[in-house]
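# Architecture and fold: a report
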Amino acid sequence: MKRLLLIPIFAVATLVAQEPAEKEAGETTEHASEKAAEVSPIWKWANFAILAVGLGYGMAKGLPPLFRSRTKEIQQGISEAQQMKQDAEKRSAEMDARLDSLRADIEKFRTQSAAEMQQEGDRIGRETAAQIKKIEQQAAVEIESVGKTARRQLKEYAAELALGLAEERLRSRIDGAAESALVDDFVRDLERKTVQGSKN
């Protein structure tokens, strides 16, 4: 890089050295001016050739390392860009894999939840049916018990009514003599049963 800076400095120094020579040539006699006029194009071409060779040499020396370093930087940048691209593709593939895994997990969770809900619904249905059957059986037992109790109470009530009615009818039909005859018959029956019992 420093050599490239030296090339323009060398070119400027050559031009500056050429200007005083031209001024001195103008101050001399006409003869000298004619001679300078003849020599002047040669010096110009010689200066140009020296400048061109110097610039060419400087560029040949300085530019290839510059180009190599620049090429190396570009290649390094390309390599880094390719590495970054590979890393990005790798991350993208990992994200896609995670997303696919997440989708699979969500689908599995949905299927599992649906199956569990179905099982829970079936279990609740079975328990409800069992509870209803148990309640129906208890209700049937209670209804039967209440029915038996009601029938028994109805029979007792009917028997009480029948006895009361029979008692009223008997009282209305039996007078004192018939009552004493009945009592006597009852006493005689008891005596007979007592005698038969003692014989046995």
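Here the structure is a predicted model, which is why all the values come from computation and not from measurement. Here the residue numbers are simple positions, counted from 1 along each chain's written sequence. Where totals are concerned, whole chains, interfaces and linings use all residues; where local detail is concerned, this predicted model gives features only for residues with pLDDT of at least 70, and gives and counts side-chain atom pairs only at 80 or more. Hydrogens and water are ignored here; the side-chain numbers use all heavy atoms of the structure.

For the rest of this paragraph, the subject is the overall build of the protein chain. From N to C terminus, the protein chain includes 3 helices and 0 strands. Starting at the N terminus, the α and β elements of the protein chain follow one another as α-α-α. Summary of the burial criterion: residues with accessible area below 20% of their type's maximum are buried, those above 50% are exposed, and those between are partly exposed, where the area comes from a 1.4 Å probe applied to protein chains only. Among the 200 residues that make up the protein chain, the fraction classed as buried is 5%. For the accessible areas, the method is Shrake-Rupley and the probe is 1.4 Å, while residue cover comes only from the protein chains on display. Summed over all atoms, the accessible surface of the protein chain reaches about 17,800 Å², with 61% contributed by carbon and sulfur. By definition, any uninterrupted DSSP run of H or I lasting at least four residues is a helix, any uninterrupted run of E lasting at least two residues is a strand, and each is numbered from the N terminus.

The subject of this paragraph is the environment of arginine 188. Note that arginine 188 resides in helix α3 (residues 176-199). Polar contacts involving the side chain of arginine 188 include one to the side chain of aspartate 185, which spans 2.8 Å. Contacts described as polar in this section are N or O atom pairs within 3.5 Å, which, within protein, must combine one atom able to donate a hydrogen with one able to accept it, while residues neighboring in sequence count only if both atoms come from side chains.

Okay, a nonpolar patch on the surface next. There is a patch of nonpolar side chains on the surface, built from Val183, Phe186, Val187 and Leu190 and spanning about 360 Å² of accessible area. Structurally, valine 187 is set in helix α3. We classify valine 187 as partly exposed; its relative accessible area is 38%. Residues enter patches when they are more than 30% accessible in relative terms and free of salt bridges; like-charged ones are connected within 9 Å and nonpolar ones (Val, Leu, Ile, Met, Phe, Trp, Tyr) within 5 Å. Salt bridges, as used here, are contacts in which a Lys or Arg side-chain nitrogen is within 4 Å of a carboxyl oxygen on Asp or Glu.

Turning next to the confidence of the model for the protein chain. Confidence scores labelled pLDDT are given residue by residue by the predictor and lie between 0 and 100. Mean pLDDT for the protein chain: 79, with 76% of residues reaching 70 or above. Put simply, helix α1 (residues 2-27) is where the protein chain has its lowest mean pLDDT, 53, and helix α2 (residues 30-173) is where it has its highest, 85. Any pair of residues with heavy atoms lying within 4.5 Å of one another is described as a contacting pair. Note on residues 19-29: pLDDT under 50 across the span, and 4 contacts to partners over four residues away in sequence or across chains.

On to the packing of aromatic side chains. Between rings of Phe, Tyr and Trp, where Trp is taken as its six-membered ring, a pair exists when centres lie within 6.5 Å; planes separated by under 30 degrees are stacked, by over 60 edge-to-face, and by other angles tilted. Across all of its chains, the model carries 1 aromatic pair by this definition. Residues tryptophan 45 and phenylalanine 48 carry aromatic rings whose centres are separated by 6.1 Å and whose planes lie at 90° to one another, so their mutual orientation is edge-to-face. Note that tryptophan 45 and phenylalanine 48 are positioned in helix α2 at a spacing of 3 residues, about one turn of the helix. What makes tryptophan 45 exposed here is its relative accessible area of 62%. Under the relative-accessibility criterion, phenylalanine 48 is labelled exposed at 52%.

The full count for this structure, using the stated rule, is 8 salt bridges. For arginine 123, the salt bridge is made with glutamate 120, and the minimal N-O distance between the two is 2.3 Å. Placement of the pair is arginine 123 and glutamate 120 together in helix α2, with a separation of 3 residues, close to one helical turn. For arginine 123, a relative accessible area of 31% translates into the label partly exposed. Because the salt bridges share partners, they merge into one network encompassing Glu120, Arg123 and Glu127.

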